[in-house]
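One-letter residues, chain by chain:
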Amino acid sequence: MFKSFFPNPRLFFTSAVVWAILSIGLWYGLVAEWGAALGMGAPAPDAPPVIGVTTFVQPDFLWFYLYFALMAGAFYLAWARLSPHPWQRWSVLGSIAILFVTYFQVQVSVAINNWYGPFWDMIQAAVSKARVVTDGEFYGQIWIFLSIALIAVAVSVVTRFFVSHYVFRWRTAMNDYYMSYWPKLRSVEGASQRVQEDTMRFARTTEDLGVSLIDSVMTLIAFTPVLIRLSANVTELPLVGAIPYPLLSAAIFWSLFGTVLLAVVGIRLPGLEFRNQRVEAAYRKELVYGEDRADRADPMTVAELFDDVRKNYFRLYFHYLYFNVARSFYLQINNVFSILVLAPSIIAGKISLGALNQISGAFGQVASSFQYLVSVWPTIIELLSIYKRLRAFEAQIEDKPLDAIEDEPVNA
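Residues numbered from 1 in each chain as written. Predicted model: local features only at pLDDT ≥ 70, side-chain atom pairs only at ≥ 80, totals over all residues. Heavy atoms only, no water.

By the naming in an unreviewed UniProt entry, the protein goes by Peptide/bleomycin uptake transporter and is assigned to Gellertiella hungarica. Heading Subcellular location (unreviewed entry) of the UniProt record for the protein holds this comment: "Cell membrane". (UniProt positions renumbered as here; feature names shortened; annotations may be inferred.)

And the structure:
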């Protein structure tokens, strides 16, 4: 699954994590200060944030772009020299490109959150008639938002186009690798489906989960300081009272609660999804045989195979019932959780409308980062079932015994 596309996967991913940590440490510990000495440092902490698209071409941004390119280029060249791989341009450079675009999209979210403050303060002033708001000021703020959104749309469209090619290259690499061992793999149940369908689903799902994980980490890094800065006037939480960093503490608690909740209630779903693929494959295989042979796909055999499909789906529906109840209930409360946390400050009039929107936006970003597993748990369940199916190929190639679940009856 990985060795077909990435060079020496275990060492590659380990080195990527270590290199990323080292790069982040160097940036915050040394390189960012070099940028400040060269006149390309970040603004002072008490300086108002830059509003609009010019935020992306500020000196500190340009300095980071250069640093990222140098560190990423060094990582790629090291792997290209030490462990050449036929797919290294797509697997290594492609992953680096996706990583950078993910970082940029997070910065777009920060730019929009910074825009919330002056815009909603302007709306509050206009509604309360605290000062005169001109047409030019109003439409100027709208144009600032649209200019940021235009960049976001352009980057998103180009990224999806690139990622589609990236995923198909990964599928091609897996397809070529498995087909080179086809004589050994053809005896595995549903082998044709695993090569034709599961490879594409595995590449696409893994890429989606990887990008969302990176996005969550980068969002957390970008928005945590913003949330701390904006929560200066928020000193206590409902029921809890005054605690250090109340909003950040509330986001962490709420996210951990949701993650543990869904992990517990959804623990049986990966195995059921795997069995679902097995019974569907067995049913489809018999129908395919029946297209060419009159002695196959007789009514009794087809009815028995479809009965296995029905039983497994009904079992799956039941377990998804209570899983979806827990997940939907949590997500619905999540929609108003930040407002509940801010209730004492809102009632006391400690924050303006613009600050409220900025805090809610930053709180939502930080909380959603911690809620990574909550958001993607159904996708993880699907990926685990695909992984189990492709793992049978790996075991067959390496002459290892199949996982125990492969030997279970399909209606177990």
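Text resumes after the structure shown.
Caption draft 1: The overall build of the protein, seen in detail. Per the secondary structure count, the protein includes 12 helices and two strands. Beginning at the N terminus, the succession of helices and strands in the protein can be written as α-α-α-α-α-α-β-β-α-α-α-α-α-α. Overall size of the protein, expressed as C-alpha extent along the three principal axes, is 85 × 50 × 40 Å. In the protein, which comprises 412 residues, the share counted as buried stands at 41%. Put simply, of all contacts in the protein between residues at least 6 apart along the chain, 79% involve residues at least 24 apart. Here the protein contributes 31 positive and 32 negative side-chain charges, whose respective centroids are spaced 3 Å apart. (Helix = DSSP H or I, 4+ residues; strand = E, 2+ residues; numbered from the N terminus. Buried < 20%, exposed > 50% of the residue type's maximum accessible area, 1.4 Å probe, protein only. Contact = heavy atoms within 4.5 Å. Lys, Arg positive; Asp, Glu negative; His and termini not counted. Charge placed at Lys NZ, Arg CZ, Asp CG, Glu CD.)

Caption draft 2: Focus on the nonpolar core. By size, the foremost hydrophobic cluster in this structure holds 85 residues, and its most contacted members are Trp170, Tyr178, Phe202, Leu247 and Phe363. Apart from the residues within four sequence positions on either side, phenylalanine 363 is in contact with Leu227, Leu247, Ala250, Ala251, Phe337, Ser338 and Val341. With five residues, the next largest nonpolar core counts Val279, Tyr283, Val302 and Leu305 among its residues. (Core = buried A, V, L, I, M, F, W, Y, C linked by side-chain atoms within 4.5 Å.)

Caption draft 3: Spatial organisation of helix 3 (residues 88–128). Over its 41 residues, helix 3 extends 60 Å from the first C-alpha to the last, a length consistent with the 60 Å expected when each residue adds 1.5 Å. Within helix 3, the axis deviates most sharply at tyrosine 116, by approximately 25 degrees, and proline proline 118 lies no more than four positions further along. Downstream of helix 3 by a residue or two, lysine 129 has a phi angle that is positive, lying close to 60 degrees. (Expected span 1.5 Å × (residues − 1). Bend = angle between axes of the 7 residues up to and from the residue.)

Caption draft 4: Summary view of the environment of phenylalanine 64. Mapped onto the elements, phenylalanine 64 comes out in helix 2 (residues 59–82). Overall, the relative accessible area of 16% leaves phenylalanine 64 in the buried class. Between the C-alpha atom of phenylalanine 64 and that of glycine 35, which follows or precedes it by 29 residues, the distance is 8.7 Å. The contacts of phenylalanine 64, once residues within four sequence positions are left out, are Trp27 and Tyr103.

Caption draft 5: View of the packing of helix 2 against helix 3. Where helix 2 contacts helix 3, the axes come no closer than 10 Å and their chain directions differ by 160 degrees. Classified by the angle between their axes, helix 2 and helix 3 sit roughly antiparallel to one another. You can see that helix 2 and helix 3 cross each other, and the crossing is right-handed. Across the interface between the two elements, Phe61, Phe64, Tyr65, Phe68, Ala72, Phe75, Tyr76, Trp79 and Ala80 from helix 2 touch Gln88, Arg89, Val92, Leu93, Ile96, Leu99, Phe100, Tyr103, Phe104 and Gln107 from helix 3. Considering only residue class, the contact of helix 2 with helix 3 consists of 16 nonpolar, two polar and one charged. (Axes fitted to C-alpha atoms, helices over the stretch in contact; angles between N-to-C directions. Parallel < 35°, antiparallel > 145°, perpendicular 65-115°, else oblique. Left-handed = near helix turned anticlockwise from the far one by under 90°. Nonpolar A, V, L, I, M, F, W, Y, C, P; charged D, E, K, R; others polar.)

Caption draft 6: Layout of unusual backbone geometry. Despite not being glycine, asparagine 8 has its phi angle at roughly 45 degrees, a positive value. Among the structural elements, asparagine 8 can be located in the segment before helix 1 (9–37).

Caption draft 7: The arrangement of the environment of proline 48 in detail. Its place among the elements puts proline 48 in the loop between helix 1 and helix 2. In sequence terms proline 48 and asparagine 114 are 66 residues apart; their C-alpha atoms lie 9.4 Å from each other.

Caption draft 8: Summary view of the environment of asparagine 324. Mapping asparagine 324 onto the fold places it in helix 9 (residues 299–341). In this structure asparagine 324 comes out as partly exposed when scored by relative accessible area, which is 37%.

Caption draft 9: Main features of a nonpolar patch on the surface. On the surface, Ile24, Tyr28, Leu213, Val217 and Ile221 cluster together into a nonpolar patch covering about 470 Å² of accessible area. Counting only elements with at least two residues in the nonpolar patch, the list comes to helix 1 and helix 6 (191–230). Ranked by residue count, the leading element in the nonpolar patch is helix 6, at three residues. If you trace the backbone, leucine 213 turns up in helix 6. (Patch = residues over 30% accessible without salt bridge, like charges linked within 9 Å, V, L, I, M, F, W, Y side chains within 5 Å. Areas by Shrake-Rupley, 256 points an atom, 1.4 Å probe, with all protein chains shown as cover. Salt bridge = Lys/Arg side-chain N within 4 Å of Asp/Glu carboxyl O.)

Caption draft 10: Quick look at the UniProt feature "transmembrane region" (unreviewed entry) in the protein. In the numbering used here, UniProt assigns the feature "transmembrane region" (unreviewed entry) to residues 12–30, 62–80, 92–112, 142–163, 209–228, 248–269, 329–349 and 369–387. In residues 62–80, helix accounts for 100% and strand for 0%; the two terminal C-alpha atoms are 27 Å from one another.

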